[in-house]
Each structure stands twice: as C-alpha cells, then as structure tokens.
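# Chain and residue survey
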Amino acid sequence: VPELLLLEQYQAQFVAALRAALAPGVAPALAVCGGTLATSFLSAGLAAGDGAVMRRLMDLLVAPLEAWQGLLYEGFAEAVGVRARVALLQAHAQCANLVSAFNVDTSSSSSSSYGGYAAIIGGVFGSD
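This structure is a prediction, so every number in the text was calculated from the model and none was measured. (Residues numbered from 1 in each chain as written. Predicted model: local features only at pLDDT ≥ 70, side-chain atom pairs only at ≥ 80, totals over all residues. Heavy atoms only, no water.)

### Quick word on the side chain of Q11
For Q11, the location among the structural elements is in helix 2 (residues 11–21). Here Q11 falls in the buried class, since its relative accessible area comes to 16%. If we ignore the near neighbours within four places in the chain, the residues touching Q11 are F41, L46, A47, D50 and V53. (Helix = DSSP H or I, 4+ residues; strand = E, 2+ residues; numbered from the N terminus. Buried < 20%, exposed > 50% of the residue type's maximum accessible area, 1.4 Å probe, protein only. Contact = heavy atoms within 4.5 Å.)

### A few points about the layout of surface pockets
Where empty space is left becomes clear once a probe the size of a water molecule has been rolled over the atoms. In this structure, the largest pocket spans a volume of roughly 290 Å³. What lines the largest pocket is a set of 19 residues, and nearest its centre among them are A23, P24, G25, V26 and L71. For the lining of the largest pocket, the secondary-structure elements that each account for two or more residues are helix 3 (28–43) and helix 4 (51–66). The biggest single contributor to the lining of the largest pocket is helix 4, with 3 residues. Grouping the constituent residues of the lining of the largest pocket by class yields 16 nonpolar, 2 polar and 1 charged. (1 Å grid on protein atoms, 1.4 Å probe; cavity = no way out; pocket = protein on both sides within 12 Å on 5 of 7 lines; lining within 4 Å. Points joined across faces, edges and corners; volume = space filled by probe spheres on them. Nonpolar A, V, L, I, M, F, W, Y, C, P; charged D, E, K, R; others polar.)

### What about the nonpolar core?
Ranked by size, the top nonpolar core spans 27 residues in total, and within it F41, L42, L57 and L88 carry the most contacts. At the level of secondary structure, the elements contributing two or more residues to this core comprise helix 2, helix 3, helix 4 and helix 5 (78–101). If we ignore the near neighbours within four places in the chain, the residues touching L88 are L22, A31, P64, L65, L71 and Y73. (Core = buried A, V, L, I, M, F, W, Y, C linked by side-chain atoms within 4.5 Å.)

Next up, the structure:
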C-alpha cells in the first residue's frame, strides 16, 4: 500500500507526538488521545515490525501505568481521571496484544512486563 510507505517515513514524528501526549501532567483527554494514537499506529502496521519502535511505544504507554497511584489528574473530577486511567490501560492492553501478534521480543526493554497487568494495578486494588 503506497500510503503506508509514505506514513512509515514519519515514524519519528508519531513517536514524538505520543511522547508529548503521554508525558506526566498532561490533560486526561490528551493522554487518552495518545493511547488511541498508539493503538492506531500499531494496528495500521506503521511500525512495520520494527521491534525498536514497538518497544518505544510500549514504554511510553507503560510509564503512566507504572505511576498508577500518582495518576490523579488534579483539577478534574474523579470520574474524568478514572476514565482516562481505564482508557490508558485499554490502549496498553490492545498494543500489547498487537505486539505479541507481531512476535516482537520485548524482553530487552526497560519495563518489567508487558503482560503483567496484575502487577501494574495490583497495588492499587491490594492497598486498600
């Protein structure tokens, strides 16, 4: 598909946009859009099986989830924060599924586990 080849040239710009959207302290709507963009990016095949790009995307998605307790979105209603957290978790799950479908080795990444959702959110539900 010629359009896909054209979009593959802009991988660095997509990753930069995701880095900005998933940075600490961004508005919840922007974080949700970042998760959606990551999912769309991978499902469209724009990473073209490039393990390094997939690892960077997963690292960007994992970072807010690893700071689950601090992901409060102060200044917004609690429901907004919860919806944003759930949307980020959903985007991570979808991307992890796509990465596993591409059979990319993510074990060399700095993040501990891409499939360990219990480890990510276990502290949240186990601490109360």
